[in-house]
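Residue-level structure breakdown
The residues making up each chain are set out below.
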Amino acid sequence: MSHRIDQTPTQADVHQHRDVERACDDSNAILRSIHDLTSLLDSDDASDCDAPVARSGIMCRLLERAKRYAASSATVLLEGESGTGKELIARLIHQHSPRSKQPYVRVNCAALAESLIESELFGHERGAFTGAVECRAGKFECADGGMLLLDEISEIPTHVQAKLLRVLEEAEYQRVGGNKTCHANVRMVVATNRSLEQEVANGCFRADLYYRLNILRLRLPALRERKEDIPPLVSHFVSRLQCEASVPIRGVAPETMDMLIRYDWPGNVRQLRNAIHGACVLNTSGIIMSADIPPLPTCSSELPTGFDDMRMEDVERHVILSALRRFNNNKTAAASHLGLSARTLLNKTKHYQQQGHL
């Protein structure tokens, strides 16, 4: 006798089946999320966490122009005060360019000794100078196929400017102490916190090199010119830096935000970031208060009465010495505030010491 098995699902079976389907859906969702996250980390946008934060119209337009410039291979000249984010814009250009998979190399020209900058850029052969015990590739060779950012371009000595012009014009160079011609397939972006036009007028920068660099140009506004960006920048920095806080940071007090917006930030975005960093470290309540913000230096020039009758040299010396006092002789901070390179400020302070003013 055959027995028929009743296959009509019970209510419990139905619920169990739905639970299994739901678990599968959840598992697939997790897998999709992992796949999406992996794709994001592998993509060009992986460094978007360091992308410029912008709400103001002036910065939004600048970012759009930078992305358009990225499609070209022409040299880009970035101008702006210290701390305005010129390197972030350079990275943005690289990330959106056809060379984004190739090397991105940055050189801070102000940080290199004048005697070594040519070797650093173009490389050298063994025995080219004392201490050159082996051949070394320069930054142009390291950036081959990609992009090279020359920061503080105004600090390059005149004799090296001539060699740099040849690279831009003919895409070739020679290592220091070598005779072999090397070819440079490099996209150039240069940055300066000075007016290159003024540097040309002062005889400190070659006019032909300036004209060759000035193809695509972007001027980054100071933070005081785009105060609409301060609230989103503060939120961005809090989210990035609160890992160093003793308690989770839940927000910024309204009066603190008002204070941050009213301040003119002579050190620009870099100074704002450092202030928020200090506030995150000092905060214990979870809400950033005005007392958590480290003391902010005054933005006034503190020029004496009757300065209009003073010589330019005396006015410059007074402003520099005032900045050094304001920043407790911190030359890096004073140079950033004044829009000078650290090397220029060091040279001027040495000159003032020799004259007995310091």
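Keep in mind the model is a prediction, meaning the values are calculated, not measured.

Some thoughts on the overall build of the chain
- Regarding its fold elements, the chain presents 14 helices and nine strands.
- When the 358 residues of the chain are sorted by exposure, 42% land in the buried category.
- Counting only contacts in the chain whose residues sit at least 6 apart along the sequence, the fraction spanning at least 24 positions is 72%.
- Element-wise, carbon and sulfur atoms account for 51% of the exposed surface of the chain, whose accessible area totals about 19,700 Å².

A closer look at the packing of aromatic side chains
- Overall, the coordinates contain five aromatic pairs when judged by the stated rule.
- Taking the centre distance of 5.4 Å and the plane angle of 5° together, the rings of F122 and F140 count as stacked. Taken together, the residues span a long stretch of sequence, with F122 in helix α4 (residues 117-122) and F140 in helix α5 (residues 139-142) at a distance of 18 residues.
- Note on F122 and Y173: the rings are 5.7 Å apart at their centroids and 40° apart in plane angle, and the pair reads as tilted. Note that F122 is positioned in helix α4 and Y173 in strand β4 (residues 172-174), a separation of 51 residues in sequence.
- Within the aromatic cluster, the residues linked to one another by ring pairs are F122, F140 and Y173.

A few points about the packing of helix α2 (residues 57-70) against helix α3 (residues 86-95)
- Here α2 crosses α3 at 45°, and the two axes come no closer than 8 Å. By the angle between their axes, α2 is oblique relative to α3. Judged by the sense of rotation from one axis to the other, the crossing of α2 with α3 is right-handed. Contact residues: L62, L63, A66, K67 and A70 in α2; I89, L92 and I93 in α3.
- When grouped by side-chain class, the residues that make up the contact of α2 with α3 number seven nonpolar, no polar and one charged.

Remarks on unusual backbone geometry
- Within the chain, A171 stands out as a residue other than glycine whose phi angle is a positive 55°.
- Considering the arrangement of structural elements, one finds A171 in the loop between α6 (158-170) and β4.
- A residue is classified by how much of its surface remains accessible, and A171, at 30% relative accessible area, is partly exposed.
- Positive phi, normally seen in glycine, also occurs at N268, with a value near 60°.
- Mapped onto the secondary structure, N268 falls in helix α11 (residues 268-282).
- According to the relative accessible area criterion, N268 is buried, its value standing at 0%.

What about the nonpolar core?
- Grouped together as the largest cluster of nonpolar side chains are 30 residues, with contacts concentrated most on F140 and L150.
- Ranked by the residues each element gives to this core, the list is headed by α6, at five residues.
- Leave out the neighbours within four places in its chain, and L150 touches V107, C109, L121, I156, L164, M188, V189, V190 and A191.
- Listed in part, the 22 residues of the second largest apolar core include V53, V234, V238 and W265.

Things to note about the sheet that holds strand β6 (residues 187-192)
- Read across the sheet, five strands follow the order β2-β3-β6-β1-β7 without closing on themselves; strand pairing throughout is parallel. In this open sheet, the two edge strands, each paired with only one partner strand, are β2 (104-108) and β7 (216-219). Each neighbouring strand pair of the sheet contributes to a mean axis angle of 15°, computed without reference to strand direction.
- Sheet analysis places β2 next to strand β3 (residues 147-151), joined by five bridges and oriented parallel. Bridge assignment links V105 to a residue of β3, and that residue is L148.
- Against the sheet, α2 engages β1 (76-79), β6 and β7, with an angle of about 155° to β7.

Cut-off values and rules
- Residues numbered from 1 in each chain as written.
- Predicted model: local features only at pLDDT ≥ 70, side-chain atom pairs only at ≥ 80, totals over all residues.
- Heavy atoms only, no water.
- Helix = DSSP H or I, 4+ residues; strand = E, 2+ residues; numbered from the N terminus.
- Buried < 20%, exposed > 50% of the residue type's maximum accessible area, 1.4 Å probe, protein only.
- Contact = heavy atoms within 4.5 Å.
- Areas by Shrake-Rupley, 256 points an atom, 1.4 Å probe, with all protein chains shown as cover.
- Phe/Tyr/Trp six-rings, centres within 6.5 Å; stacked < 30°, edge-to-face > 60°.
- Axes fitted to C-alpha atoms, helices over the stretch in contact; angles between N-to-C directions.
- Parallel < 35°, antiparallel > 145°, perpendicular 65-115°, else oblique.
- Left-handed = near helix turned anticlockwise from the far one by under 90°.
- Nonpolar A, V, L, I, M, F, W, Y, C, P; charged D, E, K, R; others polar.
- Core = buried A, V, L, I, M, F, W, Y, C linked by side-chain atoms within 4.5 Å.
- Pairing = 2+ DSSP bridges.

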